[in-house]
Amino acid sequence: MAGETKHLSGLLPAELEDLTVRLGEKPYRGRQLFEQIHARLATSLDDVSVLPAALRQHLSAQGFSAHGLTISKIQESSDTTVKMGLSTSDGLVVESVLIPMETGAFTQCMSSQAGCALGCAFCMTGMLGWTRNLTAAEIVDQHLLALAGFPERPVKNLVFMGMGEPLLNVDEVVKAIRLLQHERGRNLSPRRITVSTAGIVPGIRRLGQEVDCLLAVSLNAPTQELRAELMPVSRRYPLDELMAALKGFPLPPRRRITFEYVLLPGVNDSPAHARDLVRLLSHIRCKVNLIPFNPFPGSRFARPSDESVDRFLELLAAKQMVATIRRSRGSDILAACGQLAGTKDDA
Ligand code: SF4
């Protein structure tokens, strides 16, 4: 943990108070530091002019910096989607995407790991393998740097659906959520943060116990057999165990678990699959997000036709299942779901 604590954006107000006291200052300086980084979006210690210059110099001399990431590459799509490449201090690049919503606000897709170990068959990130977990600072920095760098793109919602499996990095993801929800900082409501998991059962339990946020599950198949083929993680956490964990997830009134279902033509999109899906989810308060597959170089699946996507949706709707279609944004810059794959070469 010692390395990442050098990035001040990853420290809660109480931790910053301890730090400033250790450096011979009053605790309120720590609270000021938190507010400057999280609420006022200071991008460097030089920006934090409310702190005495001597304290800022002291922090710099000890190797502290405001953030753990720097924006190294920006790609803008014709539909106003922005994909940011963000460099870590050890030379990795992670990606985060700002996606326009119909309201004019933006949803930000957040990464939780550099690469991903889970190797889902339909995912470009999975083809890269896993390098390391991101720290809480590197997670919150994606959002703070986006707000500071793109004020004309107001981000209202965060979804942990970028690179990596958030619940295989649950300590840092939980801390990042606490930082983002802190009232002295971004003060994000639980309904504005969604953690999307491939189905890590112990992580689902911990998330439900430790923070309040929305949960999404990348399901993609209604049976264990097919799911294990598409998502190797399902061999470790089979569908029946996953559904049992989801039934135990704390769900306040009117909240639903979201199930994401990437439609792969000829693989998981038949009427029988729709029927199995309805049966599987019948006892869970949920909604289904259908995602037409976005082909990427080297992928072995095709894009489904609009008619087949509409037909699948109608089959779910006919059984009173709440379901929507998520049309891809930013596919011209490989910013769509499952297409994030920042590498060292992007730096
Ligand atoms: S879909 Fe998510 S969990 Fe699966 S390989 Fe891609 S990033 Fe990892």
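Let us now look at the overall build of the chain. Across its full length, the chain holds 12 helices and 12 strands. Against the globule reference of 20 Å for 347 residues, the chain gives a C-alpha radius of gyration of 21 Å, in line with a compact fold. For the chain, the spread of C-alpha atoms along the three principal axes comes to 70 × 40 × 35 Å. For the chain, contacts bridging at least 24 residues in sequence account for 66% of all contacts bridging at least 6. Approximately 14800 Å² of the chain is accessible, and the part contributed by carbon and sulfur atoms is 50%. Computed over 39 positive and 36 negative side-chain charges, the inter-centroid distance for the chain is 5 Å.

If you check the shell around the ligand, you find Cys 116, Leu 118, Gly 119, Cys 120, Cys 123, Gly 126, Gly 164 and Ala 198 and nothing else. A breakdown of the residues in the shell around the ligand according to their chemical character gives five nonpolar, three polar and no charged.

With respect to the helices and strands, the residue Ser 218 is situated in strand E9 (residues 214-218). Only 2.9 Å separates the side chain of Ser 218 from the side chain of Asn 220, close enough to count as a polar contact. Setting aside residues no more than four positions away along its own chain, Ser 218 makes contact with Phe 122, Thr 197, Ala 198, Arg 227, Met 231 and Glu 260.

Below, the discussion takes up the pairing of strand E4 (residues 106-109). Going residue by residue along E4, you find Phe 106 and Gln 108 tucked away on one face and Thr 107 and Cys 109 tucked away on the opposite face as well. Pairing of strand E3 (residues 93-100) with E4 involves four bridges; the strand directions are antiparallel. What sits directly across from Leu 98, in E4, is Gln 108. Sheet topology note: the E4/strand E7 (residues 155-160) ladder contains four bridges and is parallel. The partner of Phe 106 across the bridge, within E7, is Val 155.

Listing the buried residues of helix H1 (residues 13-22) in full gives Pro 13, Leu 16, Glu 17, Leu 19 and Thr 20. Down the axis of H1, the buried set is contained in an arc of 165°. They therefore lie on one face. Elements that come into contact with the buried residues of H1 comprise helix H2 (27-38) and helix H3 (53-61). Of the residues flanking the end of H1, it is Gly 24, one or two places downstream, whose phi is positive at about 85°.

This part is about helix H5 (residues 136-149). Taking 1.5 Å as the rise per residue, H5 with 14 residues should run 20 Å; its terminal C-alpha atoms sit 20 Å apart, in good agreement. In H5, a bend of some 25° at Gln 142 exceeds every other bend along the element. Of all 14 residues making up H5, 12 are buried, and the element is well covered by its neighbours.

Under the definition given, this model contains three aromatic pairs. Ring centres of Phe 293 and Phe 296 lie 6.1 Å apart, and the angle between their planes is 65°; on these two criteria the pair is classed as edge-to-face. Classification of Phe 293 by relative accessible area gives buried; the value is 3%. Judged by centre distance (5.8 Å) and plane angle (80°), the rings of Phe 293 and Phe 301 are edge-to-face. Here the two residues Phe 293 and Phe 301 agree in accessibility, since each one is buried. The structure contains a cluster of three or more aromatic residues connected by ring pairs, namely Phe 293, Phe 296 and Phe 301.

It is worth spelling out the side chain of Asn 169 at this point. Topologically, Asn 169 is positioned in the loop between E7 and helix H6 (170-181). According to the relative accessible area criterion, Asn 169 is buried, its value standing at 4%. Only 2.9 Å separates the side chain of Asn 169 from the backbone oxygen of Ser 112, close enough to count as a polar contact. Excluding its chain neighbours within four sequence positions, the residues that come into contact with Asn 169 are Ser 112, Gln 113, Asn 133, Leu 134 and Ile 139.

Turning next to the nonpolar core. A general trend in soluble globular proteins is that nonpolar side chains are found buried together. Leu 8, Phe 122, Leu 207, Leu 246, Phe 259 and Leu 316 are the most contacted members of the largest nonpolar core, which totals 101 residues. For this core, the two domains that each supply at least three residues are domain 1 (4-61) and domain 2 (69-346). Dropping the residues within four chain positions of it, Leu 316 is found in contact with Ala 274, Leu 277, Val 278, Val 288, Leu 290, Met 321 and Ala 323.

The share of residues in the chain with pLDDT of 70 or more is 93%, and the mean pLDDT across the chain is 92. Here residues 343-347 scores under 50 on pLDDT; set against residues more than four positions off or in separate chains, the count is nine contacts.

This part is about the domain arrangement of the chain. Under the domain assignment used here, the chain contains domain 1 (4-61) and domain 2 (69-346). Inter-centroid distance (C-alpha atoms) of domain 1 to domain 2 is 32 Å. With 16 residues of domain 1 at the interface, the matching set in domain 2 holds 18 residues. The junction of domain 1 with domain 2 conceals about 1500 Å² of combined surface from both sides, 66% of it contributed by carbon and sulfur atoms. Taken together, the connections running from domain 1 to domain 2 amount to two salt bridges. Residue Glu 15 is joined to Lys 175 by a salt bridge in which the shortest nitrogen-to-oxygen separation is 2.9 Å.

Rules and cut-offs
Residues numbered from 1 in each chain as written. Predicted model: local features only at pLDDT ≥ 70, side-chain atom pairs only at ≥ 80, totals over all residues. Heavy atoms only, no water. Helix = DSSP H or I, 4+ residues; strand = E, 2+ residues; numbered from the N terminus. Rg over C-alpha atoms; globule rule 2.2 N^0.38 Å. Contact = heavy atoms within 4.5 Å. Areas by Shrake-Rupley, 256 points an atom, 1.4 Å probe, with all protein chains shown as cover. Lys, Arg positive; Asp, Glu negative; His and termini not counted. Charge placed at Lys NZ, Arg CZ, Asp CG, Glu CD. Near = heavy atom within 4 Å. Nonpolar A, V, L, I, M, F, W, Y, C, P; charged D, E, K, R; others polar. Polar contact = N/O pair within 3.5 Å; in protein donor to acceptor, adjacent residues only side chain to side chain. Buried < 20%, exposed > 50% of the residue type's maximum accessible area, 1.4 Å probe, protein only. Pairing = 2+ DSSP bridges. Arc of directions from axis to C-beta. Expected span 1.5 Å × (residues − 1). Bend = angle between axes of the 7 residues up to and from the residue. Phe/Tyr/Trp six-rings, centres within 6.5 Å; stacked < 30°, edge-to-face > 60°. Core = buried A, V, L, I, M, F, W, Y, C linked by side-chain atoms within 4.5 Å. Domains from an automatic or database assignment. pLDDT = per-residue confidence, 0-100. Buried area = accessible area lost by both parts, 1.4 Å probe. Salt bridge = Lys/Arg side-chain N within 4 Å of Asp/Glu carboxyl O.

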